[in-house]
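Survey of secondary and tertiary structure
Here's the letter readout for the chains.
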Amino acid sequence: MPPIDAHTDTDSGPDTLDLRHSDELVELIAYDRPEAPVFRDPDLLDGLAGWGPVDTPAGAFQLVPVRIERDLRLVARWMNDPAVAAFWGLAGPDSASEDHLRTQLDGDGRSVPCLGVLDGVPMSYWEVYRADLDPLARYYPARPHDTGLHLLIGKVADRGRGLGTTLLRTVADLVLDHRPSCGRVVAEPDLRNTPCVAAFLGAGFRLTGEVDLPDKRVALMIRDRSLRDVL
């Protein structure tokens, strides 16, 4: 999201109204009337941008594909939270987050970075990706159209109260509802990130094993279409 500067170069006397928007208000304004989605290649993630909002126990939720000019400031702020940086490794200047986002946005659509917007306010960052086309597929028995999820909850106040579990189940259901060729949703949270692993378990994912990736050891989590009404 681009910065908003309410200052001008004119003299600010006592009658001048200094308008300063909080980050929360700016975020709410930016998403109050979202623009029409930009549709990417529908063959890889079945038109994710058009999936639309769904009702959840926490409120109306929607995945909104990232736009650099609107969202970079917000994503970079979240990435610089020490609790997030410990697992995402994108702390630093905005350019670190921008490079990460552009790699996906300039690609073939196999990975789509999104903001999770809850009741009109962006509060989480997601990556929905084709796990079977990702380097991850070298490390587990991938199946065609396996769809992967990455997630971070942006605000500290939204963590530790079950919201991640609710939204993980919601997004997994969205994938299974809109991608009929996908038989399962996968994830590979860092094994050290026990709250994240617990959230996936609570959302109906099974822990199927531990996998050594080049830079970390992860928990391989799978939510099967055939078990979605059981777990």
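Each remark here, short or long, concerns the structure printed above.
Residues numbered from 1 in each chain as written. Predicted model: local features only at pLDDT ≥ 70, side-chain atom pairs only at ≥ 80, totals over all residues. Heavy atoms only, no water.

**Considerations on the overall build of the protein chain**
Along its length, the protein chain carries 7 helices and 8 strands. For the protein chain, the residues scored as buried account for 45% of the 231 residues in total. By sequence separation, contacts in the protein chain at least 24 residues apart represent 64% of the contacts at least 6 residues apart. For the protein chain, the computed accessible surface area is about 11800 Å², with 54% contributed by carbon and sulfur atoms. (Helix = DSSP H or I, 4+ residues; strand = E, 2+ residues; numbered from the N terminus. Buried < 20%, exposed > 50% of the residue type's maximum accessible area, 1.4 Å probe, protein only. Contact = heavy atoms within 4.5 Å. Areas by Shrake-Rupley, 256 points an atom, 1.4 Å probe, with all protein chains shown as cover.)

**Here we look at the packing of aromatic side chains**
Each pair of aromatic rings is reported with the distance of its centres and the angle of its planes. Taken as a whole, this structure holds 3 aromatic pairs when the rule is applied. Relative to Tyr125, the ring of Trp88 lies with its centre 5.6 Å away and its plane at 70°, an arrangement referred to as edge-to-face. Within this pair, whereas Trp88 is found in helix α4 (residues 82-88), its partner Tyr125 is found in strand β4 (residues 121-130), the two being separated by 37 residues in sequence. Here Trp88 falls in the partly exposed class, since its relative accessible area comes to 22%. Seen in terms of ring centroids, Phe200 and Phe205 are 5.0 Å apart; in terms of plane orientation they differ by 85°. Their pairing is edge-to-face. Across the pair, Phe205 and Phe200 agree in class, each one buried. (Phe/Tyr/Trp six-rings, centres within 6.5 Å; stacked < 30°, edge-to-face > 60°.)

**Points about the pattern of salt bridges**
Pairs may arise between side chains of opposite charge once their charged atoms sit close together. Using the criterion set out here, one finds 16 salt bridges in the structure. For Glu69, the salt bridge goes to Arg67, with nearest N and O atoms at 2.9 Å. Given the relative accessible area of 23%, Arg67 is considered partly exposed. Linking Asp108 and Arg110 is a salt bridge whose minimum nitrogen-to-oxygen distance equals 2.7 Å. Overall, Asp108 belongs to the partly exposed group, its relative accessible area being 36%. One connected set of salt bridges, linked through shared partners, spans Asp173, Asp177, Arg223 and Arg228. (Salt bridge = Lys/Arg side-chain N within 4 Å of Asp/Glu carboxyl O.)

**Examining the packing of helix α3 (residues 68-79) against helix α5 (residues 94-105)**
Axes are the key here: two packed helices are described by the angle between their axes and the distance separating the axes. Two numbers describe how α3 lies on α5: the axes approach to 9 Å, and their chain directions differ by 125°. With respect to each other, α3 and α5 are oriented oblique. In this structure, α3 meets α5 at a crossing whose hand is right-handed. Residue-level contacts link Ile68, Leu72, Val75, Ala76 and Met79 of α3 to Asp94, Ser97, Glu98, Leu101, Arg102 and Leu105 of α5. (Axes fitted to C-alpha atoms, helices over the stretch in contact; angles between N-to-C directions. Parallel < 35°, antiparallel > 145°, perpendicular 65-115°, else oblique. Left-handed = near helix turned anticlockwise from the far one by under 90°.)

**Things to note about the nonpolar core**
Counting residues in hydrophobic clusters, the biggest one holds 33 residues, and the most contacted among them are Leu63, Trp126, Leu149, Leu168 and Phe205. Of all the secondary structure elements, the ones that give two or more residues to this core are β2 (59-65), β3 (111-118), β4, β5 (147-153), α6 (163-178), β6 (184-187), α7 (194-202) and β8 (217-224). The dominant element in this core, judged by the number of residues it contributes, is α6, at 8 residues. Val66, Trp78, Leu90 and Leu152 belong to the second-largest nonpolar core, a separate cluster that totals 16 residues. (Core = buried A, V, L, I, M, F, W, Y, C linked by side-chain atoms within 4.5 Å.)

**Describing the sheet that holds β6**
As summarised here, the arrangement of the 8 strands in space is β1-β2-β3-β4-β5-β6-β8-β7, forming an open sheet in which the pairing is mixed. The open sheet has two edge strands, β1 (54-56) and β7 (206-212), and neither has a second partner. Between one strand and the next, the sheet's axes are offset by a mean angle of 30°, whatever the strand orientation. Both β5 and β6 contribute to a ladder of 2 bridges, which runs parallel. Opposite Thr147, over in β6, you have Val185 as the bridge partner. The sheet strands contacting α7 are β5, β6, β7 and β8, and the helix crosses β8 at an angle near 15°. (Pairing = 2+ DSSP bridges.)

**Topic: the pairing of β3**
Counting buried residues in β3 gives 8 out of 8 residues, a clear majority hidden from the surface. Note: β2 against β3, 5 bridges, orientation antiparallel. Looking at β3, one finds that Phe61 is bridged to Leu118. Pairing between β3 and β4: 8 bridges, direction antiparallel. Looking across to β4, one finds that Val112 is bridged to Val128.

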